[in-house]
There are 2 protein chains.
Amino acid sequence: MAIHTDKISVEKSKTSKIGNVDFSNLTFGREFTDHMFVCDYEDGKWQNPKVIPYQAMSYEPSARVFHYGQAVFEGMKAYKDDDGKVFLFRPKQNFDRINKSSARLAMPAFPENYFFEGLETLLKLDNEWIKPGVGNSLYLRPFVIATEPAISASPANMYRFMIICSPAKSYYNSAVRVLIAEHFSRSANGGVGAAKAAGNYAAQFYPTSLAQQKGFQQIIWTDADTHTFLEEAGTMNVFFRVNDKLITAPTSDRILDGVTRKSIIQLAEDLGITCEVRQVTVEEIKNASKDGSLKEIFGAGTAAVISPISAFEHHEELFEIAEVEDSYAKKFKQTLLNIQHNLSEDKHGWRREVK
Amino acid sequence: MAIHTDKISVEKSKTSKIGNVDFSNLTFGREFTDHMFVCDYEDGKWQNPKVIPYQAMSYEPSARVFHYGQAVFEGMKAYKDDDGKVFLFRPKQNFDRINKSSARLAMPAFPENYFFEGLETLLKLDNEWIKPGVGNSLYLRPFVIATEPAISASPANMYRFMIICSPAKSYYNSAVRVLIAEHFSRSANGGVGAAKAAGNYAAQFYPTSLAQQKGFQQIIWTDADTHTFLEEAGTMNVFFRVNDKLITAPTSDRILDGVTRKSIIQLAEDLGITCEVRQVTVEEIKNASKDGSLKEIFGAGTAAVISPISAFEHHEELFEIAEVEDSYAKKFKQTLLNIQHNLSEDKHGWRREVK
Ligand SMILES: Cc1ncc(COP(=O)(O)O)c(C=O)c1O
Ligand SMILES: Cc1ncc(COP(=O)(O)O)c(C=O)c1O
């Protein structure tokens, strides 16, 4: 195992772009902070970790990422409390997951010390970009791409790991309407659906654009074989509330093991809400909608936090979900945000302060 | 529909790298010619088509291709005959297919005139890189990547189309040994398997590396649901010869519609060889191997042309395929190469001379 003890070098940006950013009016993922973290893999080793001014970089046209999609990423957030303290939420989960994604794509694992030192160095330099207040956050995007300039269809020998940061509000603000997948699919058994592999996302764009033409914002994916089991949305895991019980699909090699999802399962237990982790059929949810027992559906993910779903369509039939008084979605969202923003007790040790 | 009538601008390289290249000893996809074709999509339009010196280019870290794998490609070859004439093989097929791939990934179609004018301009400038003689070719790699610098998970508004060229010998020289997929899979029903989407290839690297550790070069993928139907290899379609009959799987949304495959189906007809295009089971081929009726298996694709398969393993059982006298693989390879290199009649009009 290569040893990774290089010190992270820092080159500060001479000017800041922060004055040009309207923090009350942010489009997700368009504005980036003044710095970024970069580390290259060469000769079997991650080398030269550095924080440098955010900038474009040069790539050979034959860089393997352009041809064979060897690319994985993560999505996390940094939060600031009113005292100016900065927190990450369960960041070790993201660290572990990016390496799990990399392994599935035959990419080398990134060292834990570089991941956290890089992230923390970056957050200290770009501290001003993290705004306090619930709803504000700095979205963090670690990613790894294959840079080797050769187009043989095999794992690359050169990679670049980066972290870039983008100030964010919650991704979806209002309730979303979704289409249940009947023809297209997101992932296969034995495929890469459980990895945050770049190619999984592009694959969803076309079906999602068809859904959008019909007036739906997202798709809930079903199993590719039978389209009878509800799996997850494009960037969110999905929960169904039938009467007072929650149901969510089990993770598998088709479904991303979401940090928000697993946090909600834990919070449900804390709150005494039954949460069944099991296969859930389209039929069952349609029936629950018809007999009035379906109270809520919501998506859960870092970008959107919790995203209530107000309607779904299946086989050209539309099912509307009326707002409920004691919404679980609202309760979980509030509970999560309070933990993330240091406004409540953190009994599971999910917050990690960046000092 | 945007009109695409910009003239292709040309900037010639001041020096040539060709003197540094050992054409008798080429590794696939490592050396590139002196020029490349580049055209950008912005404001709803492909613009500024140009042939420029082969070079690295600058990309924002937020370029969407790095995050969501919006990237498709093609693989074609240029051949030179002994009179120095240059030919492409069924290039319209590749042009149509890259746009089909793009459509599946919610990417804009590339205009036909730019595709062919760009390609031909490039081939004229880099003519010296195309060596005559059967077995030599210039591998051409058109590809499209999403360049928009914003990480929202939706189709980009900015793209780059490029063609790069790499001198090549046939990809696999000797017979390959393959593993039949039993756990991992390449694509899902309703997925992007029929597209030459970048992410499809990275997804195969890890399972293929496991196969390689066991002494196999490639995997023959099976259907993700049951692993009972034989589909295709990583970069080749697959043909089975049982007695004197050929069998190949039908194309579907899981299988790439290969140009070599469809040419072989036609050549088989020309040669009076029965070719059944139908689902083919692992069981059937194992049985045929056991009773001696399995004569050949071979892969078919632009890079490898025809690649004989000498053994396959399934459920830990190894099946060896002895060499046959009147090999179809050899016959098809020779017939194809003769057409490609202008050594035989081209009754289907597959050759396209680059003038
Ligand atoms: C496909 C997919 N499912 C689910 C999620 C939610 O995961 P997490 O809660 O870790 O953000 C994401 C986004 O991260 C995702 O991309
Ligand atoms: C997945 C896959 N199947 C089959 C093929 C063969 O297609 P073609 O004969 O058009 O090169 C290729 C390569 O191009 C491929 O990538």
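All figures in this text were calculated on a predicted structure; none of them were measured in a lab.

Undergrad: Residues and numbers for the overall build of chain A, please.
TA: A count of helical and extended segments in chain A gives seven helices and 19 strands. Radius of gyration (C-alpha) of chain A: 21 Å, near the 20 Å computed for a compact globule of 355 residues. For chain A, the spread of C-alpha atoms along the three principal axes comes to 60 × 50 × 40 Å. The buried share among the 355 residues of chain A stands at 59%.

Undergrad: Account for the pattern of salt bridges, naming residues and giving values.
TA: All names here are of chain B. Taken as a whole and assessed by the stated rule, the structure comprises 41 salt bridges over all chains. Across the pair E320 and R177 runs a salt bridge whose closest N-O atoms are separated by 3.7 Å. One end of the pair, E320, is in strand β18 (residues 317–320); the other, R177, is in strand β10 (residues 176–180), with 143 residues separating them in the sequence. Across the pair R278 and E276 runs a salt bridge, and its minimum N-O distance is 2.7 Å.

Undergrad: Quick one: what's the story with unusual backbone geometry, residue by residue and with numbers?
TA: Despite not being glycine, N48(A) has its phi angle at roughly 55°, a positive value. Assignment of secondary structure puts N48(A) in strand β3 (residues 45–53). Using a relative accessible area of 43% as the deciding quantity, one classes N48(A) as partly exposed. Residues other than glycine seldom take positive phi values, yet H315(B) does so here, at roughly 50°. Within the secondary structure layout, H315(B) lies in the loop between β17 (305–314) and β18.

Undergrad: Go over the UniProt feature "modified residue: N6-(pyridoxal phosphate)lysine" (unreviewed entry) in chain A, please, and point to the residues and values.
TA: The UniProt record annotates "modified residue: N6-(pyridoxal phosphate)lysine" (unreviewed entry) at K196(A). If near-sequence neighbours (up to four positions away) are discounted, K196(A) is found in contact with A71(A), V72(A), F73(A), E74(A), G75(A), R97(A), S101(A), Y201(A) and L256(A).

Undergrad: Account for the site of ligand 2, naming residues and giving values.
TA: Residue and element names in this part refer to chain B. Near ligand 2 there are 16 residues, and of these K196, Y201, E232, T260 and T302 occur at the shortest range. Residue Y201 places a side-chain N or O atom 2.5 Å away from an oxygen atom belonging to ligand 2. In the model, a nitrogen atom of ligand 2 is placed 2.4 Å from a nitrogen or oxygen of the E232 side chain. Only α5 (259–271) and β16 (294–301) provide two or more residues apiece to the shell around ligand 2. A class-by-class count of the residues in the shell around ligand 2 yields five nonpolar, seven polar and four charged.

Undergrad: How would you summarise the relation of the copies chain B and chain A if you had to cite specific residues and measurements?
TA: Of the transformation superimposing chain B on chain A, the axial component is 0.0 Å and the angular component is 180°, with the fit at an RMSD of 0.0 Å. Each copy turns onto its partner about a two-fold axis. Of the interface residues in chain B, 98% have counterparts in chain A that sit at the interface too, so the contact is made through matching surfaces.

Undergrad: Which residues make up the nonpolar core, and what values do they have?
TA: Side chains of a nonpolar character, in soluble globular proteins, are inclined to be buried together. The biggest cluster of nonpolar side chains holds 50 residues, and the ones touching the most others in it are M36(A), Y59(A), F66(A), M36(B), Y59(B) and F66(B). Here M36(B) is in contact with P61(A), K50(B), V51(B), I52(B), P53(B), Y54(B), Q55(B), M57(B), L122(B), M162(B), I163(B) and I164(B), once residues within four sequence places are set aside.

Undergrad: Tell me about the interface of chain B and chain A, and please be specific about residues and values.
TA: Much of the literature gives interface size as the accessible area that the parts lose upon coming together. The interface is formed by 63 residues belonging to chain B together with 62 residues belonging to chain A. Carbon and sulfur atoms supply 62% of the area buried between chain B and chain A, which totals about 5000 Å² over both sides. Broken down residue by residue, the surface that chain B buries against chain A is led by F66(B), Y68(B) and F205(B), which jointly contribute 14%. Linking chain B with chain A are two salt bridges. In this structure, R30(A) and E148(B) form a salt bridge, with 2.9 Å as the shortest nitrogen-oxygen distance.

Undergrad: So what about the site of ligand 1? Which residues, and what values?
TA: All names here are of chain A. Taken together, 16 residues form the shell around ligand 1, and within it K196, Y201, E232, T260 and T302 come nearest. K196 is positioned with one of its side-chain polar atoms (N or O) 2.6 Å from an oxygen atom of ligand 1. The side chain of Y201 places a nitrogen or oxygen atom 2.5 Å from an oxygen atom of ligand 1. At the level of elements, α5 (259–271) and β16 (294–301) are the ones that each hand at least two residues to the shell around ligand 1.

Undergrad: Break down the domain arrangement of chain A for me, with residues and values.
TA: All names here are of chain A. Domain boundaries assigned for chain A yield domain 1 (2–168) and domain 2 (176–340). Centre-to-centre separation of domain 1 and domain 2, based on C-alpha positions: 28 Å. Listed by partner, the interface residues are 20 residues for domain 1 and 21 residues for domain 2. Of the roughly 1800 Å² buried between domain 1 and domain 2 on both sides combined, carbon and sulfur atoms contribute 61%. Of all residues in domain 1, the largest losses of buried area upon contact with domain 2 belong to F73, F89 and R97, amounting jointly to 32% of the total for that side. The interface formed by domain 1 and domain 2 includes zero salt bridges. At the surface where domain 1 touches domain 2, the tally comes to eleven residue pairs in polar contact (both at pLDDT 80 or more). Secondary structure elements with two or more residues in the side of domain 1 that touches domain 2: β5 (71–73), β6 (76–80), β7 (86–89) and α2 (91–104). Here the element with the most residues in the side of domain 1 that touches domain 2 is α2; it accounts for five residues.

Undergrad: So what's going on with the packing of α5(A) against helix α7 (residues 328–340) of chain A? Residues and values would help.
TA: Packed helices, taken two at a time, are described by the angle between their axes plus the distance between the axes. Residue and element names in this part refer to chain A. Direction vectors running N to C along α5 and α7 enclose 105°, while the axes themselves pass 11 Å from each other. Comparing the axis directions of α5 and α7 gives the class roughly perpendicular. Contacts from T260, S263, I264, L267, A268 and L271 in α5 reach K331, F332, T335, L336 and I339 in α7.

Undergrad: An account of α7(A) is requested, with residue identities and associated values reported.
TA: All names here are of chain A. Over its 13 residues, α7 runs 18 Å from end to end, which matches the ideal 18 Å to within 8%, given 1.5 Å per residue. Listed as buried for α7 are Y328, A329, F332, L336, L337, I339 and Q340. Projected down its long axis, α7 carries its buried residues within an arc of 160°, all on one side. Sitting at the amino-terminal end of α7 is S327, which places a side-chain oxygen 3.1 Å from the backbone nitrogen of A329. Once α7 ends, the next one or two residues include N342, with phi positive near 60°.

Definitions and limits used
- Residues numbered from 1 in each chain as written.
- Chains lettered and ligands numbered in written order.
- Predicted model: local features only at pLDDT ≥ 70, side-chain atom pairs only at ≥ 80, totals over all residues.
- Heavy atoms only, no water.
- Helix = DSSP H or I, 4+ residues; strand = E, 2+ residues; numbered from the N terminus.
- Rg over C-alpha atoms; globule rule 2.2 N^0.38 Å.
- Buried < 20%, exposed > 50% of the residue type's maximum accessible area, 1.4 Å probe, protein only.
- Salt bridge = Lys/Arg side-chain N within 4 Å of Asp/Glu carboxyl O.
- UniProt positions renumbered as here; feature names shortened; annotations may be inferred.
- Contact = heavy atoms within 4.5 Å.
- Near = heavy atom within 4 Å.
- Polar contact = N/O pair within 3.5 Å; in protein donor to acceptor, adjacent residues only side chain to side chain.
- Nonpolar A, V, L, I, M, F, W, Y, C, P; charged D, E, K, R; others polar.
- Least-squares fit on C-alpha atoms with pLDDT ≥ 70 in both.
- Core = buried A, V, L, I, M, F, W, Y, C linked by side-chain atoms within 4.5 Å.
- Buried area = accessible area lost by both parts, 1.4 Å probe.
- Domains from an automatic or database assignment.
- Axes fitted to C-alpha atoms, helices over the stretch in contact; angles between N-to-C directions.
- Parallel < 35°, antiparallel > 145°, perpendicular 65-115°, else oblique.
- Expected span 1.5 Å × (residues − 1).
- Arc of directions from axis to C-beta.

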